[in-house]
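Take a look at the letters that make up each chain.
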Amino acid sequence: MKKFKTEFPESFLWGGAIAANQAEGAYNEDGKGLDISCGFPNGIKHEYDEEIDADKFYPTHEAIDFYHRYKEDLALMEEMNFKVFRTSINWSRIYPNGDDELPNEAGLKYYDDMFDEMHRRGMEPLITLSHYETPVNLVKKYGSWRNRKLIEFFLRYCETVFKRYGNKVKYWLTFNEINNMRRMPGGAGGIFLKEGENKQQVIYQTSHHMFVANSLAIKLCRELCPKSKIGCMLSLSNVYPHTCRPEDVFETMELRRRSLLFGDVMIRGYYPSYTARTWIEEGVDVQMEQGDEEIIRTYTADFLAFSYYRTSTHEYGQPFYGDTGGDQGTPNPYIGTTPWGWQIDPLGLRYTLNELYDRYQIPLFVVENGLGQIDIPDENGKIHDDYRIEYVKDHVKAMKEAIKDGVNIMGYTYWGPIDIISAGTGEMKKRYGFIYVDRDNEGNGTMKRSKKDSFDWYANLIKTNARDL
Ligand code: BG6
């Protein structure tokens, strides 16, 4: 019988999370190639430009200039007592074209210095290998993950970074929100559908290639960085049945399973039995090579990392729809919402943690949770973001309850501790940060960083290990 736990463990990994493409900028500096994030002027839910249009503004090209300012920014994270900082390595800094024979030393050196800086400031790096950053050349030349060759290129990149950073990085994640292949295959995997294609066929086939790549990356990580842990990462904001009508309830379960399938494969090590029917009904025939299923079975994730922002509800017959925040159907009348229609539901986090731990029984890591809001500075330039404090407080309380429920949670990295570019819309206006960045949607501003009210609050939360909540 396990002991009843009431508090966050002392080893709990508190911190924050960003992605390289949403923060670094410097999109073509020091030998970096183009990655797909460079071609979305309005975020990954919207149109993609195969060629960069010189007359357009692309927010990720400069982003918040984390590339040059990371020392200053990490100093602020240290002030907030971060124990862990999540970011991604932008694949195209290391292999500018994805299929290069040799890595780009300038890119490798950049992350070497950044990880050293994190350690100097008392933070463990938590590193996503691929966060919506597939090199453009791989999309153009090979059709991205449609092509099995991508597995080889991804593993070449993984081998390089595991060898280089094996002593510096203890926590790795393979593909950010891999189940977003369902909702946004362009951003998530560089997959752009062609006229007349069976969308489900393309999505499951490309995801299969990514599953094999995920497992082989885990294998490599075990060999090259035996002291590290490597997890899979899913978007798992939740969805409730809109009513107790049995059809609503059943179809909501089916919708949820579309996401959980990804966890089932990467954690249990096999395609769940419900896959067969889905594939038959949707005319899907996934080509696998001999040995693929064995690979997937043998190399499974050490932990499940996931993002949780909100819940929504689903009604029978409603098309399955979603964005960076998760599945989205009919608004829930019982809970409030953000200006972007993301409904705030802390109890939903406790529900989700219990759901996932019941299903997988491996440690869970909340690697994204946060509030995107419009922050308006007062006459002295200060931002009084009580709404953000409230959001985090309620979600942390929900995690504490889940710990009492017996759920094993490794850590919590708040999404966007510093304002960055929104992945879904390309806006700066949608701010998550405890740190304000003076930059607007059109790219105006000084880039100056300043603390919002939530900054000290979060620093104290970590310092006290959330004991006072
Ligand atoms: C997750 C992504 O989907 O949600 C992040 O992993 C993203 O990259 C975050 O930024 C919040 O979404 P958005 O669209 O508000 O930036």
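Preceding block: the structure.
Heads up: these notes are all about the structure in this document. Since this is a predicted model, take the numbers as computed values, not measurements.

Time to look at the pattern of salt bridges. In the structure shown here, the tally under the stated rule is 46 salt bridges. For D264, the salt bridge identified is with R359, shortest N-O distance 2.9 Å. Of the two residues, D264 is situated in helix α9 (residues 246-268) and R359 in helix α12 (residues 346-360); the sequence distance between them amounts to 95 residues. Ionic pairing is found between K404 and E401, a salt bridge with its closest N-O pair at 3.2 Å. With K404 and E401 both in helix α13 (residues 386-404) and three residues apart, this pair spans about one turn of that helix. Among the charged side chains, a salt-bridge network with shared partners connects D375, D385, R388, D419, R431 and K452.

Each aromatic ring pair is characterised by the separation of its centres together with the angle its planes make. Scanning all chains against the criterion turns up 34 aromatic pairs. Seen in terms of ring centroids, F8 and W14 are 4.9 Å apart; in terms of plane orientation they differ by 55 degrees. Their pairing is tilted. Looking at F8, the relative accessible area reads 3%, which means it is buried. Where W14 meets Y412, the ring centres are 6.1 Å apart and the plane angle is 70 degrees; that geometry is what we call edge-to-face. One end of the pair, W14, is in strand β1 (residues 13-17); the other, Y412, is in strand β12 (residues 409-415), with 398 residues separating them in the sequence. Cluster of aromatic residues (ring-pair linked, three or more members): F66, Y67, Y70, F85, Y110, Y111, F115 and Y165. Taking NZ or CZ as reference, R93 lies 5.6 Å from the ring centre of Y110, over its face. Here the guanidinium or amino end of R310 rests over the ring plane of W342, the centre of that ring lying 4.9 Å away.

The rules behind the values
Residues numbered from 1 in each chain as written. Predicted model: local features only at pLDDT ≥ 70, side-chain atom pairs only at ≥ 80, totals over all residues. Heavy atoms only, no water. Salt bridge = Lys/Arg side-chain N within 4 Å of Asp/Glu carboxyl O. Helix = DSSP H or I, 4+ residues; strand = E, 2+ residues; numbered from the N terminus. Phe/Tyr/Trp six-rings, centres within 6.5 Å; stacked < 30°, edge-to-face > 60°. Buried < 20%, exposed > 50% of the residue type's maximum accessible area, 1.4 Å probe, protein only. Lys NZ or Arg CZ within 6 Å of the ring centre and 35° of its normal.

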